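Breakdown of the fold
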Amino acid sequence: MRPILLSGHERALTQVKFSKEGDLIFSVSKDHIVCAWYSANGERFGAYKGHQGALWTVDVDPTTTLLATGGADNTMRLWEVRTGKLLKTWDYATSVKRVEFSEDGRQLLAVTEKRTGQLSTVYIYDISPDPSEPAPSEHALRIVVDEQPRVTVAGFSYLNHFIIMGHEDGSVSQWDAKSGEHIKDNYSHEDGMQVSDLQWSADRTYFLTASKDKTAKLHDTATLEVLKTYTADTPLNSAAICPDPQQYVILGGGQAAMDVTTTSQRQGKFEARFYHKVFEEEIGRVRGHFGPLNSVAVDPTGKCYCSGGEDGYVRVHHFDPPYFDFQFEVEREARAESRI
Amino acid sequence: MATTVQNTPGRTDWAEDGEPELASVLPQPVTTKNKDGTETVVSYYLNEAGKKVKRTQRIRRTVVKKRENPRVAERRQWAKMGPEANKPAGPGDTTTLGENIIFRPQVGFKAGGVQEKAPEEEKKNDALKKMQIKCRICSGDHFTTKCPFKDSMAAPEEGTGEGAGGEGGGDGIDAAGGLGSTTGAYVPIHLRNGRKGEGERMGGKFERDDLATLRVTNVSELAEEQDLRDMFERHGRVTRVFLAKDRETGRAKGFAFVSYADRADAARACERMDGYGFGHLILRVEFAKKADGK
């Protein structure tokens, strides 16, 4: 496969995201710009300008009409995807580390950072999918995370039942999305190793967390039980689940940015790693970035994946036949049996 | 589509749309369907110099069906915005194509594995081939451990060592004295007193490592061991050639065994020598199997 290199950013990428149909890629970086790209040919559709600081996070609603971004200028902004019009700006006391739309696109959450005098807070807004309707200034729910450590990532579960958060100490927690009550915790990752990413399966019944403890773990949404563990040899920044029928997960990471200059490209381990989702076994790697992978995302239709690196590039890879054909011996046998 | 054009009177070819008065003097284009599914279109037109030109085109029509989500199709038509506004369609200077990456998922993937390990192993093999190897038993060019006469002829040094050690080590506990070793490391009982690694084997000298042994059948009666050795040595180091001979007549029975030092060589030889013409017969070469089915 020939990767398409998207070089619209001047600084490190922080998150990349596909639209639901996989045709558009949204990327945010520390250079204050949000870019939108066609995944098929790498053409840049446009850019959303207005943020005054580094951007940490981006998400697009399921209909690809609204785009939410959050960054170090202490704002979350809502954009109209098609025109690039800024619809709404929410101001906070600290920077916005994570934004995410719910499954139906009618709710939006923002995670604000814990900093002197401010606690980690998760704000939830009711959003209308129609861009002509004004977005509410008042949050529908606010969860102030006091007893748990700082929140790094968060997301809505299936049917908006729960809000799942990943914390700085490597734990994940579950909260009621209606009342905001804390339900349970699971200290699944090594203590003190932050959860760096949280991505959902297609039906949101399980999710994948990536952590600095060099592992990615598949959790059950309802019980927070760890279903699978994928062990890498480098701190992980991001992990994504490939859609069915391919049973893979993609992990991205690498030597921390501050240590990069002291190591060669080989040692930096700047590769996207593919693991089998069920057997937890590494099946391949894709090289290319000159810095750690800060974010990986998979096309929800399964045709391609992209990775955003510390080197300022987004690399889009359209999968070749070996990706679709590969099976473990037991899988092949099971298929043959079911055919009989 | 071509036929509809032909049926429309007065309209002959899109190329002549601008000059209808000239088109009338030109013959109508003729479309014929070929057996292989292509169409041949013969048409006439006037070039810039006013000369009549006959043009023959062979056309194959293929229908490519592509399904696309209507939402995606709609988004493809969106006008670009922001810094990309008013720029032509297609990837601009922010997009480049990287070099091709081969991604082939595999079971038991090892980081930096396949590409780097193979040459290393090859180097080792090469070094082995260049090395001067002399067997301590039969002075052949193979390792002593691989000697075909290992079981029938004992190594000279080993014979003396066994004699000396055998007297000293009456009981098995006196390991160090028994072996005469200086390291003081633990030596398993079955290795003491200069004994070889394996215990007693049932097959005696007839049991061999069959992994790198080929069975050659349909060998000429007049064949000699040396002939076979010469032939098979081309594909790697041959450690043993056994040609079955009739005890009374001294003629070959028609089958032989050839052992290689390296299984890879054996596999290659098996592939190349199978079907090789030797004498007036065609050899059949396959890997020797264990006789019994245990």
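Computed from a predicted structure; not experimentally measured.

All right, on to the overall build of chain B then. Regarding its fold elements, chain B presents eight helices and 10 strands. Sorting the 294 residues of chain B into buried and exposed places 27% on the buried side. Considering only residue pairs separated by 6 or more positions, chain B has 43% of its internal contacts joining residues 24 or more positions apart. Element-wise, carbon and sulfur atoms account for 53% of the exposed surface of chain B, whose accessible area totals about 21100 Å².

All names here are of chain B. Strand order across the open sheet formed by four strands is β6-β7-β5-β10, with antiparallel pairing between neighbours. Two strands bound the open sheet, and with one partner strand each, they are β6 (238–245) and β10 (284–287). Strand-to-strand twist of the sheet, defined as the mean angle between neighbouring strand axes without regard to direction, takes the value 20 degrees. The pairing of β6 with strand β7 (residues 252–260) spans six bridges and is antiparallel. Among the inter-strand pairings, Lys245 is bridged to a residue of β7, identified as Ala252. In this fold helix α7 (residues 225–232) packs onto β5 (213–217), β6, β7 and β10, with an angle of close to 145 degrees to the strand it touches most, β6. The sheet strands contacting helix α8 (residues 263–273) are β5, β7 and β10, and the helix crosses β10 at an angle near 150 degrees.

Residue and element names in this part refer to chain A. The four strands lie next to each other as β6-β7-β8-β9, forming an open sheet whose pairing is antiparallel. Edge positions in the sheet fall to β6 (55–60) and β9 (86–91), since each has one partner strand and no second. Neighbour-to-neighbour, the strand axes of this sheet turn through a mean angle of 15 degrees, independent of strand direction. Sheet analysis places strand β7 (residues 66–71) next to strand β8 (residues 75–80), joined by five bridges and oriented antiparallel. Counted as the bridge partner of Leu67 is Trp79 from β8.

A contiguous patch of negative charge on the surface is contributed by A:Glu103, A:Asp104, A:Asp203 and A:Asp244. With respect to the helices, strands and loops of the structure, A:Asp104 is situated in the loop between β10 (96–101) and β11 (107–112).

This next bit is on the UniProt feature "repeat: WD" (unreviewed entry) in chain A. According to UniProt, the "repeat: WD" (unreviewed entry) feature falls on residues 6–37 and 48–89 of chain A. Taken end to end, residues 6–37 of chain A is 0% helix and 53% strand, and its two terminal C-alpha atoms sit 8 Å from one another.

Taken residue by residue, the interface counts 44 residues in chain A and 35 residues in chain B. At the junction of chain A and chain B, the tally comes to six salt bridges. Note that A:Asp23 is salt-bridged to B:Arg75, the shortest N-O span being 2.9 Å. Counting every contact that joins chain A to chain B gives 18 residue pairs in polar contact (both at pLDDT 80 or more).

For the rest of this paragraph, the subject is the packing of aromatic side chains. Counted by the stated rule, this structure contains 21 aromatic pairs over all chains. For the pair A:Phe319 and A:Phe324, a centre-to-centre distance of 6.3 Å together with 90 degrees between the ring planes defines the contact as edge-to-face. Judged by its relative accessible area of 8%, A:Phe319 falls in the buried class. Joined through ring pairs, the aromatic side chains of A:Tyr248, A:Phe274, A:Phe279, A:Tyr305, A:Phe319, A:Tyr323, A:Phe324, A:Phe326, A:Phe328 and B:Phe103 make up one cluster. The ring of A:Trp37 has A:Arg44 lying over it, and the distance from NZ or CZ to the ring centre is 5.8 Å. B:Arg263 extends its terminal NZ or CZ atom over the ring of B:Phe287, reaching a point 4.5 Å from the ring centre.

The nonpolar side chains of a soluble globular protein tend to be buried, and buried together. The biggest cluster of nonpolar side chains holds 22 residues, and the ones touching the most others in it are B:Leu228, B:Phe232 and B:Tyr260. When residues no more than four places from it in sequence are discounted, the contact partners of B:Tyr260 are B:Ala212, B:Leu214, B:Phe232, B:His235, B:Gly236, B:Arg237, B:Val238, B:Thr239, B:Asp265, B:Ala266 and B:Ala269.

Residues and elements named next belong to chain A. Among the six residues that make up strand β15 (residues 162–167), six are buried, leaving the element largely enclosed by the rest of the structure. A two-sided burial pattern is seen for β15, the buried positions comprising Phe162, Ile164 and Gly166 on one face and Ile163, Met165 and His167 on the other. Hairpin connection from strand β14 (residues 151–156) to β15: five residues lie between these consecutive antiparallel strands, with Leu159 at a positive phi of about 55 degrees. Sheet topology places β15 next to strand β16 (residues 172–176); five bridges connect them, and they run antiparallel. Bridging across to β16, Gly166 finds its partner in Val172. The hairpin formed by β15 and β16 contains four residues between the paired strands, and Gly170 there has a positive phi angle of roughly 90 degrees.

All names here are of chain A. Here the structure, examined in full by the defined rule, presents 30 salt bridges over all chains. Between Asp233 and Arg285 there is a salt bridge, with its nearest N and O atoms 3.9 Å apart. A residue pair is termed long-range when its members are at least 10 positions apart, and Asp233 in the loop between β21 (226–231) and β22 (236–241) and Arg285 in strand β25 (residues 282–286) qualify at 52 residues. Accessibility expressed as a relative area gives 32% for Asp233, which makes it partly exposed. Judged by relative accessible area, which is 13%, Arg285 ranks as buried. With a closest N to O distance of 3.2 Å, Glu329 and Arg332 form a salt bridge.

Looking along the chain, the bond that leaves A:Asp244 and enters A:Pro245 is cis, with omega of 5 degrees. One can find A:Pro245 in the loop between β22 and β23 (248–253).

Quick notes on the rules
Residues numbered from 1 in each chain as written. Chains lettered and ligands numbered in written order. Predicted model: local features only at pLDDT ≥ 70, side-chain atom pairs only at ≥ 80, totals over all residues. Heavy atoms only, no water. Helix = DSSP H or I, 4+ residues; strand = E, 2+ residues; numbered from the N terminus. Buried < 20%, exposed > 50% of the residue type's maximum accessible area, 1.4 Å probe, protein only. Contact = heavy atoms within 4.5 Å. Areas by Shrake-Rupley, 256 points an atom, 1.4 Å probe, with all protein chains shown as cover. Pairing = 2+ DSSP bridges. Axes fitted to C-alpha atoms, helices over the stretch in contact; angles between N-to-C directions. Patch = residues over 30% accessible without salt bridge, like charges linked within 9 Å, V, L, I, M, F, W, Y side chains within 5 Å. Salt bridge = Lys/Arg side-chain N within 4 Å of Asp/Glu carboxyl O. Lys, Arg positive; Asp, Glu negative; His and termini not counted. Charge placed at Lys NZ, Arg CZ, Asp CG, Glu CD. UniProt positions renumbered as here; feature names shortened; annotations may be inferred. Polar contact = N/O pair within 3.5 Å; in protein donor to acceptor, adjacent residues only side chain to side chain. Phe/Tyr/Trp six-rings, centres within 6.5 Å; stacked < 30°, edge-to-face > 60°. Lys NZ or Arg CZ within 6 Å of the ring centre and 35° of its normal. Core = buried A, V, L, I, M, F, W, Y, C linked by side-chain atoms within 4.5 Å.

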